[in-house]
Amino acid sequence: MTSFELNQPLRKPRRLIVTGGAGFIGANVVHYWCQKYPGDRVVVLDALTYAGNRQTLAVLDDHPNFRFVKGDICDRPVIDALLHEEAIDTLVHFAAESHVDRSILGPDAFVRTNVVGSFTLLEAFRQHWQSADRPADYRFHHVSTDEVYGSLSHDDPAFTETTPYTPNSPYSASKAGSDHLVRAYHHTYGMPTTITNCSNNYGQYHFPEKLIPLMCINILMGKPLPVYGDGQNIRDWLYVGDHCSAIDAVLHSGTVGETYNVGGNNEVKNIDLVHMLCDLMNELAPDLPVRPAQELITYVKDRPGHDRRYAINSTKLQTELGWTPSVTVQQGLRLTVEWFLANEDWWKPLLSEEYQAYYRKVYA
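This part takes up the pairing of strand E10 (residues 259-262). Judged by which residues are buried, E10 turns out to be covered on both faces: Thr-259 and Asn-261 on one side and Tyr-260 and Val-262 on the other are all buried. In the sheet, strand E6 (residues 193-198) pairs with E10 via 4 bridges, with the strands oriented parallel. Note on E10: the bridge partner recorded for Thr-196 is Tyr-260.

Our next topic: the sheet that holds E10. Strand order in this open sheet of 7 strands is E3-E2-E1-E4-E5-E6-E10, and the pairing throughout is parallel. Two strands lie at the open edges of the sheet, namely strand E3 (66-70) and E10, each paired on one side alone. Strand-to-strand twist in this sheet, taken as the mean axis angle between neighbours without regard to direction, amounts to 20 degrees. With 4 bridges connecting them, strand E4 (residues 90-93) and strand E5 (residues 139-145) associate as parallel partners. Paired with Val-92 across the bridge in E5 is His-141.

Before going further, it helps to examine the sheet that holds strand E7 (residues 200-202). Ordered by their spatial adjacency, 3 strands build an open sheet running E7-E9-E11, and the pairing between neighbours is mixed. Looking along the sheet, the strands with just one partner apiece sit at the ends: E7 and strand E11 (267-269). Averaged over neighbouring strand pairs, the angle between their axes works out to 50 degrees when direction is ignored. Of the pairings in the sheet, the one linking E7 to strand E9 (residues 234-239) comprises 3 bridges and is parallel in character. Note on E9: the bridge partner recorded for Tyr-202 is Tyr-239. Taken strand by strand, helix H8 (residues 240-253) contacts E7 and E9, and its axis lies near 70 degrees from that of E9.

What follows is about the environment of Val-78. As for its placement among the helices and strands, Val-78 is situated in helix H3 (residues 76-85). We classify Val-78 as partly exposed; its relative accessible area is 24%. Along the primary structure Val-78 and Leu-45 are separated by 33 residues, whereas in three dimensions their C-alpha atoms are 9.5 Å apart.

Low-pLDDT stretches of the model should not have their predicted coordinates read in fine detail. Looking at the chain as a whole, the pLDDT averages 95, with 98% of positions reaching at least 70. Between residues 1-7, whose pLDDT stays under 50, and residues either more than four places distant or in other chains, the model counts 14 contacts.

Reading the values: rules and limits
Residues numbered from 1 in each chain as written. Predicted model: local features only at pLDDT ≥ 70, side-chain atom pairs only at ≥ 80, totals over all residues. Heavy atoms only, no water. Buried < 20%, exposed > 50% of the residue type's maximum accessible area, 1.4 Å probe, protein only. Helix = DSSP H or I, 4+ residues; strand = E, 2+ residues; numbered from the N terminus. Pairing = 2+ DSSP bridges. Axes fitted to C-alpha atoms, helices over the stretch in contact; angles between N-to-C directions. Contact = heavy atoms within 4.5 Å. pLDDT = per-residue confidence, 0-100.

See below:
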């Protein structure tokens, strides 16, 4: 438990919209929030594109303060109606196209969702907030990525909140654009906004195209484990449960208009991460089709413009709000592997023909 959690003041219930709440991080936050703050109203708005999974939230359907709405963040009338009828005071914005490989194949959707969609939400929330006479306790929280900062060399210091933006993919450029819009709405209109830029998340409910779930599932199916380039790219890995508590801290105690970096303090080379997953699978899964799983590792052509290293400095979040990550990468990977082993009925239906076609296109 963080010092933030130990020292929370009494609070009045919030009424939240969580965009993208059927996706990976959004769904984890929704589960976290409904469990920790059962008196809060939580409305999920999700378009249920390929990465959104309604089943992830099905267990909450009987929760009296939970509501799911299928809708697009670019659909202004839907957003206006929800803000009004639910008397929303907090909007937590996860909805995004988020996979770099897909942004290289088709950048259009990234600009539409990540830039135009974020703008649509900001405009709707601004008018909603202004019509309520600009309450100080309203909040628009935008969840972003460390990829907006670009790439680090091996000896560079970790990204801080003042690191210049140098996005290198259509995905990261579109997220940078949405970050700038959120900042502009605070500085121009005084709107109560906050931003978090997080490192790579992992954990339960993670869509199979991302590195960790991809490796777990391919090991279980005896398929090659595709590793880009030389495998020496470095990422800072943040367990999704720690991310949930960081967003909690920012929403309750963060300073309006500020950005907070959220990292796991777990820098790992991609190839080392794959070996760690293989070791866990060798230990925990007795019926693997190929054993040891390391025999499945296959190096493939590197991703265009592949950033070499990301690293997050979370000092601001830790010193100002008392948050610290509580899960090491060794602990988090074990929890994640155990979850994928126990939840084949969740991930197996996601391996659709569309997913298979995408997989062949990327890793052929």
